[in-house]
Amino acid sequence: MVAVDDGPVRHPLNVDADGIDRTRGPEKHPYYAQLAASESGVLPVVRQVGGEWLPALLICRYDDVREVLRRQDLFSRAAAAHADQVDVSGTMLGMDGAEHAAVRGTVKDSFTKPAVSGLRETVRAAAEAQLAVLAAKGGSADLVGDFAVPFALNVISDLLGLPEPDRAQFRRWGDMFMGTADLTRAEAARSAEEMGGYLWQQLDGRRGCPRDDLMTRIATAAADQPVDVQVKLPLSLIVGGWETTASSISTFVYLLRTRPYAGHDCAWDYLLEHPEQVDGAVTELERLHSTSNGDEMPRRVMADVTLPSGVRLTEGDIVIPSHDAANRDPRVFADPERMDFGRDPNPHLSFGYGPHYCVGAHLGALEVRVALALLLRELPTLRLAVAPDEVRWKQGHAILGPVELPVSW
C-alpha cells in the first residue's frame, strides 16, 4: 500500500505521489479481494482533491456497498461534492432525492430495458458500418480509434440527434472532462464550458424546431430546470455513453485475447467455439474488469448508521463504496477471482445499484455484446498487433481503458 506519512492509504489504490492514478492495465488492485473478504471490509483512505488530501472510508463488502448505494437519505452524493475528483455538479451524478429523480425522469424512459431492446437493430447496423471502416484498413488498425470510439459515439449521438460533423470534437472534450488529476482540472473546466456552449445551442434550436430525438425531449421536458442542469444532462449522456462503452469493448478484447480459459490458450478462442456464451462472458468481464477507475463516487454520511456488516459510521464521514471490491466478495461470488462465463447468478455492482444505477447500463451492455459478437463472427483471427505489455493505458482518467489497441487479422 502507498501511504501518506505512514497514515491512511491513498485512493485510488494505484495513485502515485503526485495524486495521479497510474493504473497500467485492466487488472484490479489485489487489495480489493482481500478487503472484501475481511471482517470489517472498511479501509481508511485519503484522496487528493484541489491540492488537499481528504480523509474517507473505502467500503468493500457487497452488502455494505449495496446499502450505501441504495440509501440516498443516509448517504448523500450532493453533500460530498467537495470530495469529488471529477466535477459533477449540476449532473444526475451529483444530486439526491427528488432533484435527482426529476432530472433522471427526463430521459430514463429512453433507456429502459424494453426501450433499449427496440434499438437492437439500430445498434447492430451502427456496429456493422464501423466494422466496414475497420476492415478497410487492410489487416491492421487501432481497435479504439477505428472501431470502439466511433461506434459508441455514433450510437449515443444518433439517439440525441447530434450532427455527424460535430461528433469527433466530443472525444477531445470528453478526455479533458474526465481527467481526475488536479493538473487537469483547469482543462476539465474549459472542456465543460466548450461542450456546454455547444449543447445549449443544440437545445435552443430544438425549442424552435423540434425533432424526433432525445435532445428535443430534454429541451422540452427539462425546460423548467436551471440552464446548467439542462446542458449537463446531454453532456453526461454523451461522455458517459461513449467513453465507458468504447473502453469496455477495447478492454474486453484485450482480455479475451490475453487470458486463457477452459483449456484454451485464450478466451477469444473459447468464444469462437461457444458464441452463445458471449452475453455471459460480457457480464463476467463487467464484474471482474469494470472500466470505472477508482470506485464509486463519494457519499457523505448524513446520520450515525450501522452497515449490514455491523460497522458503525458517524455523521459527516465521507465514504467511497467500492464496486470492484464488492464484486469480489466471496459471500456472494464463489471463487470470486476466477473468470466464469457461466456464472449464474451474477449480481455484480459495476453499474451501481438503487437510485443512481447507471441510466445507460442497458444500452451500454447491448453495444458491448453486439460489438464483441460481430468481431468474433466477422474477424475471428483478430489479435493484438503488439505485445500485451506494450499496450498503453489511460492515466489520470476516470475511465480505465487502453489509449489505443493495435490489432491485426
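Keep in mind that this is a model prediction, so the values were computed, not measured. (Residues numbered from 1 in each chain as written. Predicted model: local features only at pLDDT ≥ 70, side-chain atom pairs only at ≥ 80, totals over all residues. Heavy atoms only, no water.)

Residues of helix α3 (residues 97-107) that are buried include every one of His100, Val103, Arg104, Thr106 and Val107, and no others. The arc enclosing the buried residues of α3, seen along the axis, measures out at 145 degrees, which places them on a common side. Those residues of α3 that are buried lie in contact with α9 (214-221) and α10 (227-258). (Buried < 20%, exposed > 50% of the residue type's maximum accessible area, 1.4 Å probe, protein only. Helix = DSSP H or I, 4+ residues; strand = E, 2+ residues; numbered from the N terminus. Arc of directions from axis to C-beta. Contact = heavy atoms within 4.5 Å.)

With that out of the way, let us pick up the pairing of strand β3 (residues 52-59). Sheet topology note: the strand β2 (residues 42-49)/β3 ladder contains eight bridges and is antiparallel. By the bridge assignment, Gln48 is partnered in β3 with Trp53. Judged from the three bridges that link them, β3 and strand β9 (residues 318-321) form a sheet pairing that is parallel. Bridge pairing in β9 links Leu58 to Ile320. (Pairing = 2+ DSSP bridges.)

Let us look at the pattern of salt bridges. With the rule as written, the count across this model stands at 24 salt bridges. Ionic pairing is found between Glu27 and Arg259, a salt bridge with its closest N-O pair at 2.4 Å. Of this pair, Glu27 sits in the loop between β1 (9-10) and α1 (31-37) while Arg259 sits in the loop between α10 and α11 (267-273); the two residues are 232 residues apart in sequence, bridging distant segments of the chain. Given a relative accessible area of 21%, Arg259 falls into the partly exposed group. Where Asp269 meets Arg257, a salt bridge forms, and the shortest distance between an N and an O atom there is 3.7 Å. Residue Asp269 is found in helix α11, and its partner Arg257 is found in helix α10; the two are separated by twelve residues along the sequence. Via salt bridges that share partners, Glu67, Arg70, Arg71 and Asp73 belong to a single interconnected network. (Salt bridge = Lys/Arg side-chain N within 4 Å of Asp/Glu carboxyl O.)

Of all hydrophobic cores here, the largest spans 81 residues; its most connected members are Leu160, Phe170, Leu199, Ile218, Phe341, Leu375 and Leu405. With 15 residues, the top contributor of residues to this core is α10. If we ignore the near neighbours within four places in the chain, the residues touching Leu160 are Arg206, Asp213, Leu214, Met215, Ile218, Pro234, Leu237 and Ile238. (Core = buried A, V, L, I, M, F, W, Y, C linked by side-chain atoms within 4.5 Å.)

Along the chain, Ala129 turns up in helix α5 (residues 120-135). Put simply, Ala129 and Phe151 are 22 residues apart on the chain and 8.4 Å apart in space, counted from C-alpha to C-alpha.

With that settled, consider the sheet that holds strand β11 (residues 406-408). A sheet is described by the order of its strands in space; here three strands give the open sequence β5-β11-β10, paired in antiparallel fashion. Looking at the sheet topology across the chains shown, the edges are occupied by β5 (140-142) and β10 (383-384). With three bridges connecting them, β5 and β11 associate as antiparallel partners. Residue pairing in the sheet places Asp142 in a bridge with Pro406 of β11. Packing of helix α6 (residues 143-160) onto the sheet brings it into contact with β5 and β11, and relative to β5 it is tilted by some 60 degrees. (Axes fitted to C-alpha atoms, helices over the stretch in contact; angles between N-to-C directions.)

Here the structure, examined in full by the defined rule, presents seven aromatic pairs. When the ring of Tyr261 is compared with that of Phe341, the centres are 4.1 Å apart and the planes differ by 20 degrees; the resulting orientation is stacked. Residue Tyr261 is found in the loop between α10 and α11, and its partner Phe341 is found in the loop between α13 (323-326) and α14 (361-378); the two are separated by 80 residues along the sequence. Here Tyr261 matches Phe341 in class, with each residue buried. Connected via pairs of aromatic rings, a cluster forms that spans Tyr261, Tyr270 and Phe341. (Phe/Tyr/Trp six-rings, centres within 6.5 Å; stacked < 30°, edge-to-face > 60°.)

Quick look at the sheet that holds strand β4 (residues 75-76) now. An order of β1-β2-β3-β9-β6-β4 is seen for the six strands of this open sheet, with the pairing classed as mixed. One side of each edge strand has no neighbouring strand; the edge strands of this open sheet are β1 and β4. With two bridges connecting them, β4 and strand β6 (residues 299-301) associate as antiparallel partners. Note on β6: the bridge partner recorded for Phe75 is Val301. Contacting β3, β4, β6 and β9, helix α2 (residues 62-70) runs over the sheet at an angle of about 115 degrees to β9.

Moving on: α2. Restricting attention to buried positions, one finds in α2 the residues Tyr62, Asp64, Val65, Glu67, Val68 and Leu69. On its buried side, α2 packs onto β3, β4, β6, β9 and α13.

This part takes up the side chain of Asp324. One can find Asp324 in helix α13. When sequence neighbours within four positions are dropped, the list of residues in contact with Asp324 reads Lys28, Tyr32, Ser290, Ser292 and Asp295.

Another point: the packing of α5 against α14. One can describe the packing of α5 onto α14 by two numbers: an axis separation of 10 Å at closest approach and a directional angle of 45 degrees. Here α14 runs oblique to α5, going by the angle between their axes. Crossing geometry of α5 relative to α14 is assigned as right-handed. Judged by residue contacts, Arg120, Val123, Arg124, Ala127, Glu128, Leu131 and Leu134 of α5 engage Leu363, Leu366, Glu367, Val370, Leu374, Leu375, Arg377 and Glu378 from α14. Class assignment of the residues belonging to the contact of α5 with α14 gives a composition of nine nonpolar, no polar and six charged. (Parallel < 35°, antiparallel > 145°, perpendicular 65-115°, else oblique. Left-handed = near helix turned anticlockwise from the far one by under 90°. Nonpolar A, V, L, I, M, F, W, Y, C, P; charged D, E, K, R; others polar.)

What follows is about the pairing of β9. Residue alternation in β9 divides its side chains into two sets, Ile318 and Ile320 and Val319 and Pro321, and both sets are buried. When β6 meets β9, the two strands line up antiparallel, connected through two bridges. Pairing of Arg300 across the sheet is with Ile318, part of β9.

Coordinates in, geometry out; function isn't part of it.
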